[in-house]
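Structural features, examined
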Amino acid sequence: MNLDNFHKHISQKIYERGEEYYNYDSINNVEHDYPDTWKAEVEGSNLYSVEIKLNDDEIVSWECDCPYDYGDICKHVVAVLLYIKNNKAEHPVNIEIPSSPSQEQLTEILKQTNKKELTSFLSQYADKYPDFYQALTSNLHPQKKTNVPVDYAKEIQKCFHVRNSYDNYGYSHEGESISTKLDKYIEKAKSLIKLKCEKEALTILLHIIKKIGDDYEEFDDYNGDLAYVCQEASEIIAIMIKSGLPDNLLKIVMDELSQMIKNRNYDNYGLADLEQILFSISLTTSDFEKGIVIIDEALKAEPDSFRTSSLVTSKIELLDQAGKNEEVKNVISLYLYLPEIRKIRLKELISEKQYEKALSIIDEGIILAERNNHSGTVSDWKDEKLSVYQLIKNDDKVIQLAEDLFVNGRENMKYYRILKNVISTEKWADYLDDFLLKSGKQKKWGIGGHVLAQIYIAEEYWDRLMDYVEKNIQLGKYNSLGEYESYLKPRYPERMLVFYHIQITDYVAKNMGRDHYRYVANVLKTMKNYPGGTEIVDTLLTHFKSVYSNRRAMMEELGK
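In this report, the structure presented in the accompanying data block is examined. (Residues numbered from 1 in each chain as written. Predicted model: local features only at pLDDT ≥ 70, side-chain atom pairs only at ≥ 80, totals over all residues. Heavy atoms only, no water.)

**Structural notes on the overall build of the protein chain**
The helix and strand tally for the protein chain stands at 28 helices and 4 strands. What you see for the protein chain is a C-alpha radius of gyration of 35 Å, clearly larger than the 24 Å of a compact globule of 560 residues, by over 25%. With the principal axes as the frame, the protein chain shows a C-alpha extent of 100 × 85 × 60 Å. Expressed as a percentage of the 560 residues in the protein chain, the buried residues total 39%. Across the protein chain, the fraction of contacts at a sequence separation of at least 24, relative to all contacts at a separation of at least 6, is 58%. Carbon and sulfur atoms form 49% of the exposed surface of the protein chain, whose accessible area is close to 33,100 Å². (Helix = DSSP H or I, 4+ residues; strand = E, 2+ residues; numbered from the N terminus. Rg over C-alpha atoms; globule rule 2.2 N^0.38 Å. Buried < 20%, exposed > 50% of the residue type's maximum accessible area, 1.4 Å probe, protein only. Contact = heavy atoms within 4.5 Å. Areas by Shrake-Rupley, 256 points an atom, 1.4 Å probe, with all protein chains shown as cover.)

This is the structure:
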């Protein structure tokens, strides 16, 4: 059996599985020792060690420490044989030079020394003896290893060769598995930066960002682990730029950005803020034209997408830094239909105190948003309009808009506070009652109970808050009673105890299970802290032990 015909001597299934491992670049740490022994590690469900002995192309023997026990040869050995067949020329034989007894003893000592101990010893010794430090840096510094370039594109590509696995809840861990492998390259890049090997560090980081951006949608990144690695890599590059990179390295980053920025995945999934990196480079080099050209190319590729606003905003910032004020105005006018760009123009008008024009541009924004059925954007523009009326102290318009936004907006309490600030103290109480009644009828589902409760607290309407709790709160693990209890306990202790008594009795009747029983026990502890609560809790305990004596777990929790 030799390298050319070994596939004829094994099952088709084993060969195909081994071929899959080989194609996925799962073979690592290959060694070719004298006379013709090959050793390698194969990454599968675990890391397996394979040893194969050859005589030219004849296969003499093979070993693998995997648990396979259904035939003579396993898929891991097949993968290494395929590797040897296709890469033999890249691995000349390692011929060991006979060592002296002292070298042999040192070798054995090093085998028994862990990395942490060795690193500590070398650091202390090098610090004490300058000649030894010089020898170490001369031979081992990464910049001295130019004769063995690392193919980081291939190395990082291998990190993405994972076999999907699912936990007991059906969630995939692809993203987590890949990010764990990439973490070691992130750490290597950080170390290289400290050693002033910025080019090699950038190579690693750019390959990581590009690979994740290109292939992100192919992998299940349920917990966002892969996205986090991409964000970290881009943030490290941003720090490198800020700390100062030579022009040749800035050009490398700029060239890569010109391609990556066209990939919408970076914005789609929040993988990296490429536009901010581009802005930082332009600011550092004062070469704003190159950055503007890159953004124009991206806008041409996607003339009207969800990314358009952020790309145009970046272009405006670059033009502004370049002092091209007329071009800034032209770009704003061209993209005024985008809310984010319209807000830039609005900010300018407000700073110039051109309030009538500001109100006009807001009204146009409202019309556009209504035409596109963007109700949230309509509310945002109305909020901007309210801010302008506050600036010019038009209280009637402020009240009108605040009432509208209280009912139809997203921040009820914000507009409640604005109304309270505008309406006089003597009119406020009557106004608020009328307004809440009217708002409850206008709003499709009425005013949210939580909002009412917050207003009752702000107004110190304690009786209304107590009524609200009695009518709307039900005991349970996620109820909001805790938000209100500190206000109600000192003012209505008897009513709170009655509330608890009724609610916990009903809760016990409807719920079973140890978690529920623990919750009941905690409620009873709370009740004991009320004046007269101990007697009521004792009565409840007697009742529960009588009626639910067959609930063993409940009796255990109550017994505590």
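**Focus on the side chain of Glu-557**
Among the structural elements, Glu-557 can be located in helix H28 (residues 552-559). The exposure class assigned to Glu-557 is buried, which follows from its relative accessible area of 6%. Each residue touching Glu-557, except ones within four places of it in the same chain, is listed here: Arg-514, Tyr-517, Arg-518 and Ala-521.

**A few points about the sheet that holds strand S1 (residues 27-33)**
Overall, antiparallel pairing links the 4 strands, which are arranged S1-S2-S3-S4 in an open sheet. Each edge of the sheet is formed by a strand with only one pairing partner; in this case those strands are S1 and strand S4 (58-64). Adjacent strand axes in the sheet meet at a mean angle of 15°, parallel and antiparallel pairs treated alike. The pairing of S1 with strand S2 (residues 37-43) spans 5 bridges and is classified as antiparallel. Across the sheet, Asn-28 pairs through a bridge with Glu-41, a residue of S2. (Pairing = 2+ DSSP bridges. Axes fitted to C-alpha atoms, helices over the stretch in contact; angles between N-to-C directions.)

**A short note on the environment of Tyr-519**
Mapped onto the fold, Tyr-519 is located in helix H26 (residues 514-528). The buried category is assigned to Tyr-519, whose relative accessible area is 16%. The spacing of Tyr-519 and Gly-476 is 43 residues in sequence and 7.9 Å in space, taken between C-alpha atoms. If we skip the residues at most four places from it in the chain, Tyr-519 touches Leu-475, Gly-476, Lys-477, Asn-479 and Tyr-507. Of the polar contacts made by the side chain of Tyr-519, one reaches the side chain of Asn-479; its length is 3.1 Å. (Polar contact = N/O pair within 3.5 Å; in protein donor to acceptor, adjacent residues only side chain to side chain.)

**Considering the pairing of S4**
Strand direction decides the pairing type here: strand S3 (residues 47-55) and S4, joined by 6 bridges, are antiparallel. From the neighbouring strand, Val-50 faces S4, where its bridge partner is Cys-64. Between S3 and S4, which follow one another and run antiparallel, lie 2 residues, and Asp-56 among them has a positive phi close to 60°.

**Concerning the nonpolar core**
With 136 residues, the main nonpolar core has Leu-182, Ile-208, Ile-212 and Phe-544 as its most contacted residues. In terms of residue count, helix H9 (residues 225-243) provides more of this core than any other element does, 9 residues in total. Grouped together as the second largest cluster of nonpolar side chains are 27 residues, Ile-27, Ala-79, Leu-82 and Tyr-83 included. (Core = buried A, V, L, I, M, F, W, Y, C linked by side-chain atoms within 4.5 Å.)

**Quick word on the pattern of salt bridges**
On inspection of all chains with the given rule, the structure shows 31 salt bridges. Measuring nitrogen to oxygen at the nearest pair gives 2.9 Å for the salt bridge that ties Asp-467 to Arg-495. With Asp-467 in helix H23 (residues 462-472) and Arg-495 in helix H25 (residues 493-510), this pair connects stretches of sequence that are 28 residues apart. Arg-495 gets classed as partly exposed once you look at its relative accessible area, which sits at 29%. Here Glu-557 ties to Arg-518 by a salt bridge, and the two come within 3.7 Å at their closest N and O atoms. Separated by 39 residues along the polypeptide, Glu-557 in helix H28 and Arg-518 in helix H26 bring together distant segments of the chain. Residue classification places Arg-518 among the partly exposed residues on the basis of a relative accessible area of 39%. (Salt bridge = Lys/Arg side-chain N within 4 Å of Asp/Glu carboxyl O.)

**Focus on the packing of helix H14 (residues 308-321) against helix H16 (residues 339-351)**
Taken N-terminus to C-terminus, the directions of H14 and H16 make an angle of 35°; their axes are 8 Å apart at the nearest point. On H16, the residues that touch Ser-309, Val-312, Thr-313 and Ile-316 of H14 are Glu-340, Ile-341 and Ile-344. Of the residues belonging to the contact of H14 with H16, the class tally is 4 nonpolar, 2 polar and 1 charged. (Nonpolar A, V, L, I, M, F, W, Y, C, P; charged D, E, K, R; others polar.)

**So, helix H22 (residues 449-459)**
By the burial criterion, the buried members of H22 are Val-451, Leu-452, Ala-453, Ile-455, Tyr-456, Ile-457 and Glu-459. Of the residues trailing H22, Glu-460 is marked for its positive phi of about 60°.

**What about unusual backbone geometry?**
For residues that are not glycine, phi is negative in most cases, and the peptide bond is trans in most cases. Look at the link from Tyr-34 to Pro-35: it is a cis peptide, with omega at 5°. Assignment of secondary structure puts Pro-35 in the loop between S1 and S2. One non-glycine residue, Lys-353, lies in positive phi territory at about 60°. Here Lys-353 lies in the loop between H16 and helix H17 (355-371). In the Ramachandran plot, Lys-393 falls in the positive-phi region, its phi being about 60° despite a non-glycine side chain. A relative accessible area of 69% places Lys-393 in the exposed class.

**Re the packing of aromatic side chains**
Tallying each qualifying case throughout the model produces 17 aromatic pairs. Relative to Tyr-125, the ring of Phe-121 has its centre 5.5 Å away and its plane inclined at 25°; by these criteria the two rings are stacked. Taken together, the residues Phe-121 and Tyr-125, both in helix H4 (residues 115-128) and 4 residues apart, mark about one turn of the helix. The class for Phe-121 is partly exposed, based on a relative accessible area of 47%. Its relative accessible area of 35% is what places Tyr-125 among the partly exposed residues. Where Tyr-431 meets Phe-435, the ring centres are 5.7 Å apart and the plane angle is 5°; that geometry is what we call stacked. Of the two residues, Tyr-431 and Phe-435 both sit in helix H21 (residues 425-442), 4 residues apart, roughly one turn of that helix. (Phe/Tyr/Trp six-rings, centres within 6.5 Å; stacked < 30°, edge-to-face > 60°.)

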